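# A structural walkthrough
For reference, the chains in residue letters:
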Amino acid sequence: QKEVEQNSGPLSVPEGAIASLNCTYSDRGSQSFFWYRQYSGKSPELIMSIYSNGDKEDGRFTAQLNKASQYVSLLIRDSQPSDSATYLCAVPINQFYFGTGTSLTVIP
Amino acid sequence: GAVVSQHPSWVICKSGTSVKIECRSLDFQATTMFWYRQFPKQSLMLMATSNEGSKATYEQGVEKDKFLINHASLTLSTLTVTSAHPEDSSFYICSVLAMGEQFFGPGTRLTVL
């Protein structure tokens, strides 16, 4: 089992819909979790971090963490075409492990 | 978060030459920096962890004699691709570990002819 796993997608949602991105991780002891957004041809940009079970909201983004299920998700409300990108989940274990990313396309 | 710059943003070189890429932490003294490589439509691949004042730690399969990393100060790490070949063409990205979070530079696109 990989340290961090994501569905590669692609995921397509219509503009204005909620996009749901999921990530599972292998280390039960992990304490911090990160979501990065990477536009094509650009480097990753940190958009959310979450450390405690439950939800963390920042604007249109909500990160959800369930440590018992070793599951972290990212919800994007009111999706915009500008949200079209690859979203990477990252979990530091003995190093930062990144998922392979989920490609999201928001259709106008 | 930390602001990270890279130079150059892109470089084209001939096969057999060496290329140096600089990574600077502009507003944070970074004890630890990371170097990644990313091929088109593939995920990030960690190449090495760069620690200020000590030797870099390379990931399995990464040739330390080919990818020379120097982290001489808390704000600068360099990656030198020695004797570059076309298969080294890739997107090289550095990052800074700051307060438990990782912040990426804008990346350097290397094309080896």
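Everything below is about the structure printed above this text.
Scope of this entry: the structure provided in the associated data block. (Residues numbered from 1 in each chain as written. Chains lettered and ligands numbered in written order. Predicted model: local features only at pLDDT ≥ 70, side-chain atom pairs only at ≥ 80, totals over all residues. Heavy atoms only, no water.)

### A few points about the environment of A:Asp27
Residue and element names in this part refer to chain A. Checked against the element boundaries, Asp27 lands in the loop between strand E3 (19-25) and strand E4 (33-38). Residue class for Asp27 comes out partly exposed when judged on its relative accessible area of 28%. For the pair Asp27 and Val91, spaced 64 residues apart in the sequence, the C-alpha separation amounts to 9.0 Å. In this structure Asp27 touches Gln70 and Ile93, once residues within four positions along its chain are discounted. Reaching out from Asp27, the side chain makes a polar contact with the backbone nitrogen of Gly29 at a distance of 2.8 Å. (Helix = DSSP H or I, 4+ residues; strand = E, 2+ residues; numbered from the N terminus. Buried < 20%, exposed > 50% of the residue type's maximum accessible area, 1.4 Å probe, protein only. Contact = heavy atoms within 4.5 Å. Polar contact = N/O pair within 3.5 Å; in protein donor to acceptor, adjacent residues only side chain to side chain.)

### Quick notes on the pattern of salt bridges
Evaluation of the coordinates by the stated rule reveals 5 salt bridges over all chains. A salt bridge links A:Asp83 to A:Arg60, with the shortest nitrogen-to-oxygen separation between them at 2.8 Å. Placement of the pair is A:Asp83 in the loop between strand E8 (71-76) and strand E9 (85-92) and A:Arg60 in the loop between strand E6 (54-58) and strand E7 (61-66), with a sequence separation of 23 residues. By relative accessible area, A:Asp83 is classed as buried at 1%. In this structure, B:Lys66 engages B:Asp88 in a salt bridge whose closest nitrogen and oxygen atoms are separated by 2.8 Å. Here B:Asp88 lies in the loop between strand E8 (76-81) and strand E9 (90-98) and B:Lys66 lies in the loop between strand E6 (57-58) and strand E7 (67-73), a separation of 22 residues in the sequence. Of the two residues examined, B:Lys66 and B:Asp88, each falls in the buried class. (Salt bridge = Lys/Arg side-chain N within 4 Å of Asp/Glu carboxyl O.)

### Digging into the pairing of E7(A)
Residues and elements named next belong to chain A. One ladder, built from 5 bridges, connects E6 with E7; its direction is antiparallel. By the bridge assignment for E7, Gly54 is matched with Leu65. The antiparallel hairpin formed by E6 and E7 contains 2 residues in its connecting segment, where Gly59 sits at a positive phi of about 65°. Pairing between E7 and E8: 6 bridges, direction antiparallel. The residue of E8 that forms the bridge with Phe61 is Ile76. (Pairing = 2+ DSSP bridges.)

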